[in-house]
Structure formats: C-alpha cells, structure tokens
Amino acid sequence: MASDEFRKRTFEFGVCCVRVVETLPKTMTAQTIGKQFLRAATSVGENYRAAQRGRSRADFIAKMGIVEEECDESLYWIDVLVELGLAKPHLIARLRKEADEIIAIVVSSIKTARRNTNFQK
C-alpha cells in the first residue's frame, strides 16, 4: 500500500472514531472512556505522519511501534464501549475491522524495515 493511501486511511480511521465518540451517551463513564478512545484513535494517524517524517530507519520503526500500540489501545476501548453497551456493535464493527487491518499493515511494515536495516549492515 502506498504511504499516501495509508496516511489517508489512518486519518479516516481517526475521523470515524471521533464520530462514534460524538454519539456516546453524555454520562460520566461514557465520556471518560470516549476521551481515552478519542486520544488513542486520533493518534494513530498523527503518529503515522510522524513516522513518515522519521529522521532514520530506527526512528521510523520506533514511531510505527507507537502507531501499533495506539491502534491496539483503540481496539481495547472499542471492546469496552461495546461490553458496557455504550456503543452499538453494528456501528463499531467496521472500526474494529479497520483497526485490525491497520495493525496488520503496521506490523508488516515494521518487520520489513527491520529486515532491511539488518540487510544493509
């Protein structure tokens, strides 16, 4: 996948998550969990952009590791929202699938970057 396409995809993931948070009940619990979810989900795209601007391959790998962690954390908050009945599973299903795919792409990119780093030595 081209980096511009993946940048757009991670951005859209964050935007979709913002829209889900906007639909949450206005209870303290829902809003608190929503804020955590919002922080993690929107940082996926932000950290991918930072990785693209990395000063070195090691910097790229480290920042992509952050993308992986934040996307995984987003999945955690998705599960919490569904388990507590705060978000409708049919609204979240597409986000869960997208997060899983983003993680798979990021892990593959990290492995490739590490392999290329080792190859150059």
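Residues numbered from 1 in each chain as written. Predicted model: local features only at pLDDT ≥ 70, side-chain atom pairs only at ≥ 80, totals over all residues. Heavy atoms only, no water.

Student: Explain the state of the cysteines here, please?
Tutor: A disulfide bridge is the covalent bond that connects two cysteines by way of their sulfur atoms. Taken as a whole and judged by the stated rule, the model has 0 disulfides. Free cysteine Cys16: the closest other cysteine sulfur is in Cys17, separated by 6.9 Å. (Disulfide = S-S within 2.5 Å.)

Student: Even after reading the chapter, I still don't get the packing of aromatic side chains, so can you show me in this structure?
Tutor: What characterises a pair of aromatic rings is the spacing of the ring centres plus the angle enclosed by the ring planes. Counted by the stated rule, this structure contains 2 aromatic pairs. Measuring from ring centre to ring centre gives 4.8 Å for Phe6 and Tyr48, while their planes differ by 90°; the resulting arrangement is edge-to-face. In this pair, Phe6 is assigned in helix α1 (residues 3–22) and Tyr48 in helix α2 (residues 28–52), connecting sequence segments 42 residues apart. Its relative accessible area of 3% is what places Phe6 among the buried residues. Look at Tyr48 and you get buried, because its relative accessible area is 5%. (Phe/Tyr/Trp six-rings, centres within 6.5 Å; stacked < 30°, edge-to-face > 60°. Helix = DSSP H or I, 4+ residues; strand = E, 2+ residues; numbered from the N terminus. Buried < 20%, exposed > 50% of the residue type's maximum accessible area, 1.4 Å probe, protein only.)

Student: Looking at this structure, I do not really get the nonpolar core. What am I missing?
Tutor: The nonpolar side chains of a soluble globular protein tend to be buried with one another. Ranked by size, the top nonpolar core spans 34 residues in total, and within it Phe13, Phe37, Met64 and Leu95 carry the most contacts. Counting residues per element, this core draws most heavily on helix α3 (residues 57–83), which supplies 10 residues. Dropping the residues within four chain positions of it, Phe37 is found in contact with Cys17, Val20, Val21, Ser74, Trp77, Ile78, Leu81 and Leu95. (Core = buried A, V, L, I, M, F, W, Y, C linked by side-chain atoms within 4.5 Å. Contact = heavy atoms within 4.5 Å.)

Student: Looking at this structure, how should I read the packing of α2 against α3?
Tutor: Two quantities define a packed helix pair, namely the angle between the helix axes and the distance between the axes. Taken N-terminus to C-terminus, the directions of α2 and α3 make an angle of 160°; their axes are 8 Å apart at the nearest point. One finds that α2 runs roughly antiparallel with respect to α3. Judged by the sense of rotation from one axis to the other, the crossing of α2 with α3 is left-handed. Class assignment for the residues of the contact of α2 with α3 results in 17 nonpolar, 5 polar and 4 charged. (Axes fitted to C-alpha atoms, helices over the stretch in contact; angles between N-to-C directions. Parallel < 35°, antiparallel > 145°, perpendicular 65-115°, else oblique. Left-handed = near helix turned anticlockwise from the far one by under 90°. Nonpolar A, V, L, I, M, F, W, Y, C, P; charged D, E, K, R; others polar.)

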